[in-house]
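Read off the chains here:
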Amino acid sequence: MENDPTDNYLSNISLTSYLQLMSNKFPDFYKALWFERPNSSQALKELENHISDFEGSKKKGRGDYYRRAQRDVFVRITGIKQILQLATQNQDIEHLSPTYKILDVLGGDGVLARVFKTLHWGNNLGQPILTSDSAADMIAQALKYNLPAIRQQAQFLFIRDNSFDAVIIAYGTHHIPKNNRLLACQEAFRVLRPGGNIVIHDFEENSPIARWFNEAVDKYSITGHKCCHFTSNEFHLYLQRSGFKNIRIFPMYDPFIIKDSNRQIAFQKLMDYVFNMYGLAKLQQNSDDKDLPEKVYRLIEKYIHYELNNIKEAMPHWKSSISFYQEKNQFVAELPRVALVGVGTK
């Protein structure tokens, strides 16, 4: 007898139990869920058979490493704040409507939602972000953080039409297979209310971070990492074909930044973060590899360097390569990353 995909929707939690949880804890988001949508049964089967790199080690994924890195939500806060501001169309977030809703399509374990909460932007709003991901372990962790969350794939959302004010597709967009990328943007358009914004974020093809993924992360992570990244033209084409207007494509500075009163500790923390963020387990020869931070550092130096003179939008505070400097009474370790961002309005 064929297994029912609803029995194991989320790490041994049935779809029925999940819906009950959402109804009890997050009723406003529960109203937006649409598991009765035509073709949902097929989508649930595909989701059950989907193998994500970001499941835990028991499922041979690198999600355990990733979640370890994401405990510190401030490392990526520079880019995340910009993404949230773009999603809300640069409105005063403290004065958004209490009904304002943002769908974070590739939300992992809820990093963007946790940044929002940490910044106290939600004092008057509550939590406007619904974290979404295809990895069951990621969504299970987001729910443990007491965040509204849903397991689904970007190309088929279990979400009602016209139910969100903003959709974010970021930090993993290159994991969406090429034949599903237009579908993902069309799904974002469908679930947005008229006037709502999409923010799509990735690292441009042939950029330092794209090469880092396809060479360094592919070689040293336990899952490998061969993904096609995006060009500016592709972003524009997907958004235009999905029906979006007022399309803008531009580079965005999205660094890793760690601060500490001790320079060596700042260095160590950044190397640990990069190691875990990308799951570079194959760099580690044994459990007590004292040279591991240096190995990570040498790998970063090899791949991540920008010619900022070639980026007309570059600002004075952008760094061209990994940097260590003092700021007031703290030492700062900063790894530059320049993302490609597309914005459009329904």
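On a predicted model such as this, the values are computed, not experimentally measured, just so you know.

How each quantity is defined
- Residues numbered from 1 in each chain as written.
- Predicted model: local features only at pLDDT ≥ 70, side-chain atom pairs only at ≥ 80, totals over all residues.
- Heavy atoms only, no water.
- Helix = DSSP H or I, 4+ residues; strand = E, 2+ residues; numbered from the N terminus.
- Buried < 20%, exposed > 50% of the residue type's maximum accessible area, 1.4 Å probe, protein only.
- Contact = heavy atoms within 4.5 Å.
- Lys, Arg positive; Asp, Glu negative; His and termini not counted.
- Charge placed at Lys NZ, Arg CZ, Asp CG, Glu CD.
- Pairing = 2+ DSSP bridges.
- Axes fitted to C-alpha atoms, helices over the stretch in contact; angles between N-to-C directions.
- Salt bridge = Lys/Arg side-chain N within 4 Å of Asp/Glu carboxyl O.
- Core = buried A, V, L, I, M, F, W, Y, C linked by side-chain atoms within 4.5 Å.
- Expected span 1.5 Å × (residues − 1).
- Phe/Tyr/Trp six-rings, centres within 6.5 Å; stacked < 30°, edge-to-face > 60°.
- Lys NZ or Arg CZ within 6 Å of the ring centre and 35° of its normal.
- Polar contact = N/O pair within 3.5 Å; in protein donor to acceptor, adjacent residues only side chain to side chain.

### Digging into the overall build of the protein chain
And step 1. In terms of helices and strands, the protein chain carries 12 helices and 10 strands.
And step 2. Relative to its 346 residues, the protein chain shows a buried fraction of 56%.
And step 3. A fraction of 75% describes how many contacts in the protein chain between residues 6 or more apart in sequence connect residues 24 or more apart.
And step 4. Averaging the locations of the 42 positively and 38 negatively charged side chains of the protein chain gives two centres separated by 1 Å.

### Some thoughts on the sheet that holds strand 8 (residues 323–327)
And step 1. The three strands lie next to each other as 7-9-8, forming an open sheet whose pairing is antiparallel. Because the sheet does not close on itself, it has two edges, and the strands there are strand 7 (256–260) and strand 8. Averaged over all adjacent pairs, the angle separating strand axes in this sheet is 25°, with direction ignored.
And step 2. Strands strand 7, strand 8 and strand 9 (330–335) of the sheet are contacted by helix 11 (residues 263–277), whose axis makes an angle of about 145° with strand 7.

### Things to note about the sheet that holds strand 3 (residues 149–151)
In any sheet, the strands associate via hydrogen bonds between backbone groups, in a parallel or an antiparallel arrangement.
And step 1. Judged by pairing direction, the sheet is mixed, and its seven strands sit side by side in the order 3-2-1-4-5-10-6 without closing on themselves. The open sheet is flanked by strand 3 and strand 6 (245–253), the only strands paired with a single partner. Taken pair by pair, the neighbouring strands of this sheet meet at an average axis angle of 20°, ignoring direction.
And step 2. Each of strand 5 (192–202), strand 6 and strand 10 (338–345) touches helix 10 (residues 232–242); the most contacted strand, strand 6, lies at about 150° to it.

### As for the pattern of salt bridges
And step 1. For the coordinates displayed, the defined rule picks out 12 salt bridges.
And step 2. For R114, the salt bridge is made with D109, and the minimal N-O distance between the two is 3.1 Å. For the pair formed by R114 and D109, the shared burial category is buried.
And step 3. For D165, the salt bridge goes to R193, with nearest N and O atoms at 2.7 Å. Taken together, the residues span a long stretch of sequence, with D165 in strand 4 (residues 164–169) and R193 in strand 5 at a distance of 28 residues.
And step 4. In this structure D165 comes out as buried when scored by relative accessible area, which is 16%.
And step 5. Judged by relative accessible area, which is 25%, R193 ranks as partly exposed.
And step 6. Here the salt bridges share partners, and the residues they tie into one network are R37, D161, E187 and R190.

### Observations concerning the nonpolar core
And step 1. Among the nonpolar cores identified, the biggest contains 72 residues, and W212, V274 and L280 are the most heavily contacted of them.
And step 2. At eight residues, the largest contribution of residues to this core is made by helix 11.
And step 3. With near-sequence residues (within four places) excluded, W212 lies in contact with V217, V274, Y278, L280, L299, I300, Y303 and I304.
And step 4. Counting 45 residues, the second-largest nonpolar core is a separate cluster that includes A32, L103, I169 and L239.

### Re helix 12 (residues 292–303)
And step 1. Given a rise of 1.5 Å per residue, 12 residues ought to cover 16 Å, and the 17 Å separating the end C-alpha atoms of helix 12 matches this to within 8%.
And step 2. Listing the buried residues of helix 12 in full gives L292, P293, K295, V296, Y297, L299, I300 and Y303.
And step 3. Buried residues belonging to helix 12 abut helix 9 (208–220), helix 11, strand 8 and strand 9.

### Brief notes about the packing of aromatic side chains
And step 1. Tallying each qualifying case throughout the model produces 19 aromatic pairs.
And step 2. With 6.3 Å between their ring centres and 75° between their planes, Y18 and F35 make a pair best called edge-to-face. Here Y18 is found in helix 1 (residues 15–25), whereas its partner F35 is found in the loop between helix 2 (27–30) and helix 3 (40–49), with 17 residues between them in sequence.
And step 3. Residue class for Y18 comes out buried when judged on its relative accessible area of 2%.
And step 4. Accessibility expressed as a relative area gives 10% for F35, which makes it buried.
And step 5. On the basis of an interplanar angle of 75° and a centroid distance of 6.3 Å, the ring pair of W212 and Y303 is categorised as edge-to-face. In this pair, W212 sits in helix 9 while Y303 sits in helix 12, placing the two residues 91 residues apart along the sequence. Summarising the burial analysis for this pair, W212 and Y303 share the class buried.
And step 6. Put simply, the rings of F203, W212, F213, F256, Y273, Y278 and Y303 touch in pairs and so form one group of aromatic residues.
And step 7. The ring of F230 carries R181 above its face, with NZ or CZ at 4.1 Å from the centroid.

### Things to note about the side chain of R67
And step 1. Looking at the secondary structure, you find R67 in helix 4 (residues 63–69).
And step 2. The class for R67 is buried, based on a relative accessible area of 12%.
And step 3. Polar contacts involving the side chain of R67 include one to the side chain of D64, which spans 2.7 Å.

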